[in-house]
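Listed below, chain by chain, are the residues.
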Amino acid sequence: MALSTFGCVKSISIFITNDLVTDQRMQRIAGALLGMGWSVTLFGRLKKKSKPLAWTGYKVVRVNTIIEQGVLFYGVINLIFFIKALFSRSSVLYSLDLDTLPAVRLAAYLRNKILVWDCHEIFPYMPELYASPFKQRVWKTIEHLVVPGLKHVLTVTTGVAR
């Protein structure tokens, strides 16, 4: 579904766990939305060694979690993103990947906002998780809890869509 089908809605908050400097795909998406007249806020990660982000034309919020990996990182980033999404003035909340979806979906539900989930990979089957069946089960469980019933889902291939 094209974002233009959301009617007069023209503000979007995008949540990603990546460092915004290195995530060129999200920079392109945010830039394209900006070019279509959307008010865009991009929420992302600020690492210890993150480089400054060049001016982009859209609002950027970089979050420092202190913890940079593991289960605590995902817990902290989801808590921060839940609070940011809950108080966001945007009409559309955009979650990139499964690792941001629990927080953003709950906030969208509580605030009755449109939720878009961008699933450009099947998170439980990422190569990094093959060696850890426990972590893979955790992500599969999260997926089964938060994905069903989503109305607006973007993918990069037909295989991911299936």
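In the block above lies the structure referred to throughout.
Here's what I pulled together on the structure shown here. (Residues numbered from 1 in each chain as written. Predicted model: local features only at pLDDT ≥ 70, side-chain atom pairs only at ≥ 80, totals over all residues. Heavy atoms only, no water.)

## Some thoughts on the sheet that holds strand β5 (residues 114-119)
Pairing is parallel across the open sheet formed by six strands, whose spatial order is β3-β2-β1-β4-β5-β6. Either end of the sheet is taken by a strand with one partner, and the two such strands are β3 (59-63) and β6 (152-155). Recorded for the sheet is a direction-independent mean angle of 20° between the axes of neighbouring strands. In the sheet, β5 pairs with β6 via four bridges, with the strands oriented parallel. (Pairing = 2+ DSSP bridges. Helix = DSSP H or I, 4+ residues; strand = E, 2+ residues; numbered from the N terminus. Axes fitted to C-alpha atoms, helices over the stretch in contact; angles between N-to-C directions.)

## Observations regarding the pairing of strand β2 (residues 39-45)
Burial analysis of β2 places six of its seven residues in the buried class, the great majority of the element. As defined by bridge partners, strand β1 (residues 11-19) adjoins β2 across six bridges and the pair is classed as parallel. Across the sheet, the residue bridging to isoleucine 14 is leucine 42, located in β2. In this view, the connection linking β1 to its parallel neighbour β2 by way of helix α1 (residues 24-35) has right-handed handedness. (Buried < 20%, exposed > 50% of the residue type's maximum accessible area, 1.4 Å probe, protein only. Right-handed = clockwise from strand over helix to strand, strands pointing away.)

## A few points about the pairing of β5
Looking along a regular strand, one sees side chains alternate from face to face of the sheet. Of all six residues in β5, five are buried; the element is thus mostly enclosed. With five bridges connecting them, strand β4 (residues 92-96) and β5 associate as parallel partners. When the sheet's bridge partners are listed, leucine 93 is paired in β5 with leucine 115. The β-α-β motif built from β4, the intervening helix α3 (residues 101-111) and the parallel element β5 has right-handed crossover chirality.

## Topic: unusual backbone geometry
The residue isoleucine 66 is not glycine, and still its phi comes out positive at about 65°. Relative to the helices and strands, isoleucine 66 resides in the loop between β3 and α2 (70-86). Residue isoleucine 66 is classed as exposed on the basis of its relative accessible area of 67%.

## A word on the packing of α2 against α3
Relative orientation and spacing of two packed helices are given, respectively, by the angle between their axes and the distance between those axes. Between α2 and α3, the least distance of the axes is 8 Å, while the angle of their chain directions is 25°. In terms of axis orientation, α2 runs roughly parallel to α3. Judged by the twist between their axes, the crossing of α2 over α3 is right-handed. Residues Asn78, Phe81, Phe82, Ala85 and Leu86 of α2 form the contact with α3, whose participating residues are Pro102, Ala103, Leu106, Ala107, Leu110 and Arg111. (Parallel < 35°, antiparallel > 145°, perpendicular 65-115°, else oblique. Left-handed = near helix turned anticlockwise from the far one by under 90°. Contact = heavy atoms within 4.5 Å.)

Keep in mind these numbers describe shape, not what the thing actually does.
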